[in-house]
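Listed below are the residues making up each chain.
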Amino acid sequence: MSKAFVWFHHSSDSPSDSVSFYEKLLAWAPSEGPPGMTMFAGDDGPFAAVGENHGVQGWIPFAEVSDVDEATKRAERLGAEIVKPKTRGPAGQFAILRDPGGAALALWQKA
């Protein structure tokens with residue numbers, strides 16, 4: 001079993017507009033993250049980022065898995081569409097998919 005959602009990424013064609021929106025709406029304080037990403041953090045540390053469009057518009061929840069390759073293959077067998085194949089990110093590797101109902105999900109393996 002994987003852990004609960006461990007991260008949220010806002011995939012945007014206009015990241016600066018999205019950051020400004022959440023800053024004004026929810027008083028989330030943005031800070032510079034890895035190249036191309038703006039981070040949002042709370043008292044317990046970073047919880048989300050806004051950045052480049054990964055082929056899915058909007059919020060993408062990240063679920064931690066022990067093996068991203070195996071979890072991606074299992075997702076495909078269960079009817080998922082792979083939107084972005086395994087990619088190395090700043091803290092690990094991830095793949096983005098759409099479940100059979102059309103919702104986006106990222107499978108993430110810690111580095």
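Quick caveat: nothing in here was measured; it's all calculated off a predicted structure. (Residues numbered from 1 in each chain as written. Predicted model: local features only at pLDDT ≥ 70, side-chain atom pairs only at ≥ 80, totals over all residues. Heavy atoms only, no water.)

Draft legend 1. Local environment of the sheet that holds strand S3 (residues 38-42). Taken in spatial order, the eight strands of this open sheet run S2-S3-S4-S1-S5-S8-S7-S6, and their pairing is mixed. One side of each edge strand has no neighbouring strand; the edge strands of this open sheet are strand S2 (30-32) and strand S6 (81-88). Recorded for the sheet is a direction-independent mean angle of 30 degrees between the axes of neighbouring strands. This element, helix H1 (residues 15-26), spans strand S1 (5-11), S2, S3, strand S4 (45-51) and strand S5 (58-64) of the sheet and lies at about 140 degrees to S4. (Pairing = 2+ DSSP bridges. Helix = DSSP H or I, 4+ residues; strand = E, 2+ residues; numbered from the N terminus. Axes fitted to C-alpha atoms, helices over the stretch in contact; angles between N-to-C directions. Contact = heavy atoms within 4.5 Å.)

Draft legend 2. Spatial organisation of a nonpolar patch on the surface. On the surface, Phe21, Leu25 and Leu26 cluster together to form a nonpolar patch covering roughly 300 Å² of accessible area. Take phenylalanine 21: its relative accessible area is 45%, and that puts it in the partly exposed class. (Patch = residues over 30% accessible without salt bridge, like charges linked within 9 Å, V, L, I, M, F, W, Y side chains within 5 Å. Areas by Shrake-Rupley, 256 points an atom, 1.4 Å probe, with all protein chains shown as cover. Salt bridge = Lys/Arg side-chain N within 4 Å of Asp/Glu carboxyl O. Buried < 20%, exposed > 50% of the residue type's maximum accessible area, 1.4 Å probe, protein only.)

Draft legend 3. Structural detail: the pairing of strand S8 (residues 104-110). Among the seven residues in S8, five count as buried, and that is most of the element. Of the strand pairs in this sheet, S5 and S8 are connected by three bridges, and their pairing is parallel. Counted as the bridge partner of glutamate 64 is tryptophan 108 from S8. Where strand S7 (residues 92-98) meets S8, seven bridges bridge the pair, whose relative direction is antiparallel. Among the inter-strand pairings, glutamine 93 is bridged to a residue of S8, identified as glutamine 109.

Draft legend 4. Geometry of the nonpolar core. Residues Trp7, Met37, Met39, Ala49, Val56, Ile60, Phe62, Phe94, Ile96, Ala104, Ala106 and Trp108 constitute the largest nonpolar core, which totals twelve residues. Sorting the residues of this core by element identifies S5, S7 and S8 as the ones contributing at least two each. In terms of residue count, S8 provides more of this core than any other element does, three residues in total. Setting aside chain neighbours within four positions, we find tryptophan 108 in contact with Val6, Phe62, Ala63, Glu64, Val65, Ala91, Gly92, Gln93 and Phe94. (Core = buried A, V, L, I, M, F, W, Y, C linked by side-chain atoms within 4.5 Å.)

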